[in-house]
Amino acid sequence: MSGRVIAVLGISGVGKTTMVSAFTQRHPWAHSVRASALLKEASAVSDTEALRTASASDIHANQDRLTSAFSELRRRHPNRHIIFDGHSLIDNDDRLVIVPTTTFVQLAPDMIVFLEDDENAILARRLADVGRVRPHRSADEIAVHQNAAKEAAFEYASALSISCATVHSEDFQAFEESLLANFQQP
């Protein structure tokens, strides 16, 4: 049996890591991988904030490091079911940087789940999370960012000929059903 990969995407503060953690707690056969952790390890950078605030060209270069690190992980664990927790859009404080489609072609997920929420809820989560540095954005800016990120996620799915499900960030049942429908449990 070959392990499957599901990419869970959404803008910063939407609740990706929370949803993925809840899923892996209920289904310990699924493993989560955060793009930022892979990049931090592959880049030998101690500060993930430096990765986010890099120039657009450096962010694009980091995608090559990310895909290499992910390929190595898949080579070492070919039967592992993986939930890839990542972004389609990175706000580097200066501008929005769309992760290139080629990155997701190389990651080769079997499905994409895009998490979305009301922009005011995302803003509230960002303001409450004092453990992470994020650029200060208005609810209107967050709505624009979320739409751009969602459009990119659907472009990746189209390029890969895979499905892309949109799930509300607090609808764990829909999230779980989407993942279970695409993972074959061991």
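K.L.:
In this structure, what is going on with the packing of helix 6 (residues 119–128) against helix 7 (residues 139–160)? I would like to understand it.
P.N.:
When two helices pack together, their arrangement is given by the angle between the helix axes and by the axis-to-axis distance. Remark: helix 6 packs on helix 7, axes separated minimally by 8 Å, with the N-to-C direction vectors making an angle of 110 degrees. Considering their axes alone, helix 6 and helix 7 lie roughly perpendicular with respect to each other. Two secondary-structure elements touch here, helix 6 through E119, N120, I122, L123 and R126 and helix 7 through A139, I142, A143 and Q146. In terms of residue class, the contact of helix 6 with helix 7 is made up of 5 nonpolar, 2 polar and 2 charged.

K.L.:
Sorry, what's going on with the packing of aromatic side chains here?
P.N.:
One pair of aromatic rings is described through two measures. These are the centre distance and the angle between the planes. Here the structure, examined in full by the defined rule, presents 8 aromatic pairs. Their ring planes at 90 degrees and their centres at 5.6 Å tell us that W29 and F183 sit as a pair that is edge-to-face. Of this pair, W29 sits in the loop between helix 1 (16–26) and strand 2 (30–34) while F183 is found in the segment after helix 8 (172–182), placing the two residues 154 residues apart along the sequence. No difference in accessibility class separates W29 from F183, as the two residues are buried. Judged by centre distance (6.3 Å) and plane angle (90 degrees), the ring pair of F84 and F104 falls under edge-to-face. Highlighted residues: F84 in strand 3 (residues 81–86) and F104 in helix 5 (residues 101–107), separated in sequence by 20 residues. Per residue, the accessibility class of F84 equals that of F104, and both read buried. Each residue in the set F23, W29, F172, F175 and F183 is aromatic and connected to the rest through ring pairs, giving one cluster.

K.L.:
What is the right way to read the environment of P100 from this model?
P.N.:
Relative to the assigned elements, P100 resides in the loop between strand 5 (96–98) and helix 5. Along the chain, P100 and H60 lie 40 residues apart, while their C-alpha atoms are 7.4 Å from each other. Apart from residues no more than four positions distant in its own chain, P100 is found in contact with H60, Q63 and Y156.

K.L.:
Whenever I open this one, the pattern of salt bridges confuses me. Can you help?
P.N.:
Throughout the structure, instances matching the rule amount to 8 salt bridges. Across the pair R75 and E72 runs a salt bridge, and its minimum N-O distance is 2.6 Å. With R75 and E72 both in helix 4 (residues 56–76), this residue pair falls 3 residues apart, about one helical turn. One salt bridge connects R125 with D117, and the closest N-O pair in it is separated by 2.6 Å. Taking relative accessible area as the criterion, R125 reaches 25% and is therefore assigned partly exposed. Exposure remark for D117: the relative accessible area of 8% places this residue in the buried category.

K.L.:
Got a minute to help me understand the packing of helix 1 against helix 8 in this structure?
P.N.:
Relative orientation of the contacting elements helix 1 and helix 8 amounts to 65 degrees, with a least axis distance of 11 Å. Between helix 1 and helix 8 lies a crossing whose hand is right-handed. Contact residues: helix 1 offers M19, V20, A22, F23 and R26, while helix 8 offers F172, F175, E176, L179 and L180.

Cut-offs and rules
- Residues numbered from 1 in each chain as written.
- Predicted model: local features only at pLDDT ≥ 70, side-chain atom pairs only at ≥ 80, totals over all residues.
- Heavy atoms only, no water.
- Axes fitted to C-alpha atoms, helices over the stretch in contact; angles between N-to-C directions.
- Helix = DSSP H or I, 4+ residues; strand = E, 2+ residues; numbered from the N terminus.
- Parallel < 35°, antiparallel > 145°, perpendicular 65-115°, else oblique.
- Contact = heavy atoms within 4.5 Å.
- Nonpolar A, V, L, I, M, F, W, Y, C, P; charged D, E, K, R; others polar.
- Phe/Tyr/Trp six-rings, centres within 6.5 Å; stacked < 30°, edge-to-face > 60°.
- Buried < 20%, exposed > 50% of the residue type's maximum accessible area, 1.4 Å probe, protein only.
- Salt bridge = Lys/Arg side-chain N within 4 Å of Asp/Glu carboxyl O.
- Left-handed = near helix turned anticlockwise from the far one by under 90°.

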